[in-house]
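Residues per chain, in single letters:
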Amino acid sequence: MHLLPEGVSTYSGRIDLMFYVILAVTGVAFVVTETVLFYFAWRYRHREGVRAHYTHGNSRIEVIWTIVPAVMLVFLGLASRKVWDEIKGHVPPTDQEIVVLASQFDWEVRYKGADGQFETADDVVVHNEMHVPVNAPVKIRLRSKDVIHSFFVPAFRLKQDAVPGLTIDIWVQPTKTGEYEIACAELCGFGHGTMRGVLTVMEPEAYRKWLSEQEAGVVPAEAPAA
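Asker: Would you mind showing me how to read the sheet that holds strand β2 (residues 106-111) here?
Answerer: As a general point, the strands of a sheet are linked pairwise by backbone hydrogen bonds and lie either parallel or antiparallel. The 5 strands are arranged β3-β2-β1-β5-β8 in an open sheet whose pairing can be described as mixed. Taken across any chain shown, the strands that pair with only one partner, and hence form the sheet edges, are β3 (124-127) and β8 (168-172). Across this sheet, the average inter-strand angle for adjacent strands is 25°, counted without regard to direction. Where strand β1 (residues 97-103) and β2 come together, 6 bridges link them in antiparallel fashion. Note that in β2 the partner of Ala102 across the bridge is Trp107. Helix α3 (residues 204-216) rests against β2 and β3 of the sheet, and its axis sits at about 100° to β3.

Right under this line is the structure:
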């Protein structure tokens, strides 16, 4: 049984594993605590002729139920550290680089033009769509024009806030061609629900052809102000 959509990035499998481990731990804890809660509610229910009495509790049990969750939290933190460092700690060397500028309620996606530089008149700019090659690491430079947004591609297990005034580098290496949803995971205004896009993972040759076609049709007015 799969609770999550198919993962199509190199790190999606490890994130899924972390999710299932945390779900199992918290799920067992939930069942145990709720079972105990309902048992005590039934065990000490009101009964005629039985007088309620006050108890100071049990210090030993209170220490145990404090330490056990703390130890589990530390274990989960240490177990996830390696994956976190791999995803957030570095960006693999790559010549595939894209700038994503979020704004209410649009994803502006910018590619280097024929000069190989960003922020020039020949940049390729598209809106609410992104194209990347399969089996190649892609560096994404994430920015926001107005408020906080969150760039979320569920199939990649990739989610990162876009914060005004900051450029945040993230990366992904897709493993399967297809079309996948881009969503904003941060409530960013009345049109938040419409802030969606499509990410297309393509074979390298098809990607190069698509990018060449876009370069040929660049509109100079799309170039950013100096």
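Asker: Just to check I follow, could you spell out the pairing of strand β6 (residues 149-153) for this structure?
Answerer: When a strand is regular, its side chains alternate between the sheet's two faces. For β6, a buried count of 4 out of 5 residues is recorded, marking the element as mostly surrounded by other parts of the structure. Relative to strand β7 (residues 158-162), β6 is paired through 5 bridges, and the arrangement is antiparallel. The residue of β7 that forms the bridge with Phe151 is Gln160. In terms of strand pairing, β6 meets strand β9 (residues 178-184) through 2 bridges, oriented antiparallel. Opposite Phe152, over in β9, you have Ala183 as the bridge partner.

Asker: I tried to follow the nonpolar core on my own but got confused; where do I start?
Answerer: Where a protein is soluble and globular, its nonpolar side chains tend to be buried together. Val100, Tyr111, Met130 and Phe151 are the most contacted members of the largest nonpolar core, which has 39 residues in total. At 4 residues, the largest contribution of residues to this core is made by β8. Val100 has contacts with Trp107, Glu108, Val109, Met130, Ile140, Arg141, Leu142, Arg143 and Phe151, leaving out every residue within four places of it along the chain.

Asker: Quick question: what am I supposed to make of the side chain of Ser12 here?
Answerer: Along the chain, Ser12 falls in helix α1 (residues 12-43). For Ser12, a relative accessible area of 4% corresponds to the buried category. Sequence-distant contacts of Ser12, that is, excluding residues within four places in its chain, are made with Gly7, Ala155, Phe156 and Arg157.

Asker: Is there a simple way to explain the environment of Arg60 in this structure?
Answerer: With respect to the helices, strands and loops of the structure, Arg60 is situated in helix α2 (residues 59-88). Owing to a relative accessible area of 67%, Arg60 belongs among the exposed residues under this scheme. In the structure, Arg60 is positioned 153 residues away from Glu213 in sequence and 71 Å away in space, judged by C-alpha atoms.

Each value, and the rule that gives it
- Residues numbered from 1 in each chain as written.
- Predicted model: local features only at pLDDT ≥ 70, side-chain atom pairs only at ≥ 80, totals over all residues.
- Heavy atoms only, no water.
- Pairing = 2+ DSSP bridges.
- Helix = DSSP H or I, 4+ residues; strand = E, 2+ residues; numbered from the N terminus.
- Axes fitted to C-alpha atoms, helices over the stretch in contact; angles between N-to-C directions.
- Contact = heavy atoms within 4.5 Å.
- Buried < 20%, exposed > 50% of the residue type's maximum accessible area, 1.4 Å probe, protein only.
- Core = buried A, V, L, I, M, F, W, Y, C linked by side-chain atoms within 4.5 Å.

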